[in-house]
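Summary of the model geometry
Residue-level listing of the chains:
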Amino acid sequence: MQKIYTTKMINTGGRSGEVHSPDKSFELKIAAPGSHVADTTNPEQLFAAGYSACFNSALDLVKEGKGVKAASTISAQVSLYAETPTSYVIGVVLEGHIEGLSLEETQELLDIAHTVCPYSKATAGNIDVVIKAV
């Protein structure tokens, strides 16, 4: 395998802190989900942002391979679940739309993208991921 890219992020304070890149080009304040602290994000939002972007890029590769030039949109809904008072898991619902394609055609391409996307590969068998055309 050929390494293409590596990145690093640093967190202090966990869900009540901050996250930044070593060069400080990316800095965000972190708060727990539902805490309603202004100008903050949370790990679930960051995961949803990364997964939706990665999945849409994988979908672009699939569309290109099938000769589909239509624009696509992917939304990622990430939920946090408590298994026990000290054990938590996430679940993901990915919804995809491809301009001009039927739901069935879109679903077919989404399912293929799910086998291509690095986030999908990383989460396979670890969390529930639902993929649906909208």
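Chains are numbered independently. Their residues run from 1 in the order of the written sequence. Reporting of local features is limited, given that this is a predicted model, to residues whose pLDDT is at least 70; pairs of side-chain atoms are given and counted only at 80 or more, and all residues count toward the totals for whole chains, interfaces and linings. Excluded from the side-chain calculations are hydrogens and water; all other atoms, namely the structure's heavy atoms, are used.

Some points on the overall build of the chain
- A helix here means a DSSP run of H or I that spans at least four residues, while a strand means a run of E at least two residues long, and both kinds are numbered starting from the N terminus. Along its length, the chain carries three helices and six strands.
- Mapped from its N terminus to its C terminus, the chain presents α and β elements in the order β-β-β-α-β-β-α-α-β.
- Counting only C-alpha atoms and orienting by the principal axes, one finds that the chain spans roughly 45 × 35 × 30 Å.
- Type-normalised accessible area, obtained with a 1.4 Å probe on protein chains alone, sets the label of each residue: buried when under 20%, exposed when over 50%, and partly exposed for intermediate values. For the chain, the residues scored as buried account for 29% of the 134 residues in total.
- Taking all contacts inside the chain whose residues are at least 6 apart in sequence as the whole, residues at least 24 apart take part in 47%.
- Accessibility throughout is a Shrake-Rupley quantity obtained with a 1.4 Å probe, and a residue counts as covered only by protein chains that appear here. Only carbon and sulfur atoms are counted for the fraction: they give 55% of the accessible area of the chain, which is about 8,700 Å².
- In this tally, Lys and Arg are treated as positive and Asp and Glu as negative; His is ignored, and so are the chain termini. Charge positions are represented by NZ for Lys, CZ for Arg, CG for Asp and CD for Glu. Taking the average place of the 10 positive charges on the side chains of the chain and the average place of its 15 negative ones, the gap between the two points comes to 7 Å. Residues are treated as being in contact if the distance between any of their heavy atoms lies within 4.5 Å.

A look at a nonpolar patch on the surface
- Taken together, the side chains of Met9, Phe26 and Leu46 define a hydrophobic patch exposed on the protein surface, amounting to about 230 Å² of accessible area.
- Here methionine 9 shows up in the segment before strand E1 (10–12). Within the patch definition used here, like charges are joined within 9 Å and nonpolar side chains (Val, Leu, Ile, Met, Phe, Trp, Tyr) within 5 Å, considering only residues with over 30% relative accessible area and no salt bridge. Here, a salt bridge means any side-chain nitrogen of Lys or Arg that lies within 4 Å of a carboxyl oxygen of Asp or Glu.

Considering the nonpolar core
- Core analysis: the largest hydrophobic core is formed by 20 residues, its most contacted members being Phe55, Leu59, Leu94 and Leu110.
- If you tally residues by element for this core, the top one is helix H1 (residues 43–66), at seven residues.
- Leucine 59 has contacts with Ser72, Ile74, Ile98, Leu109, Leu110 and Ala113, leaving out every residue within four places of it along the chain. Residues enter a nonpolar core if they are buried and are Ala, Val, Leu, Ile, Met, Phe, Trp, Tyr or Cys, with the set joined through side-chain atoms within 4.5 Å.

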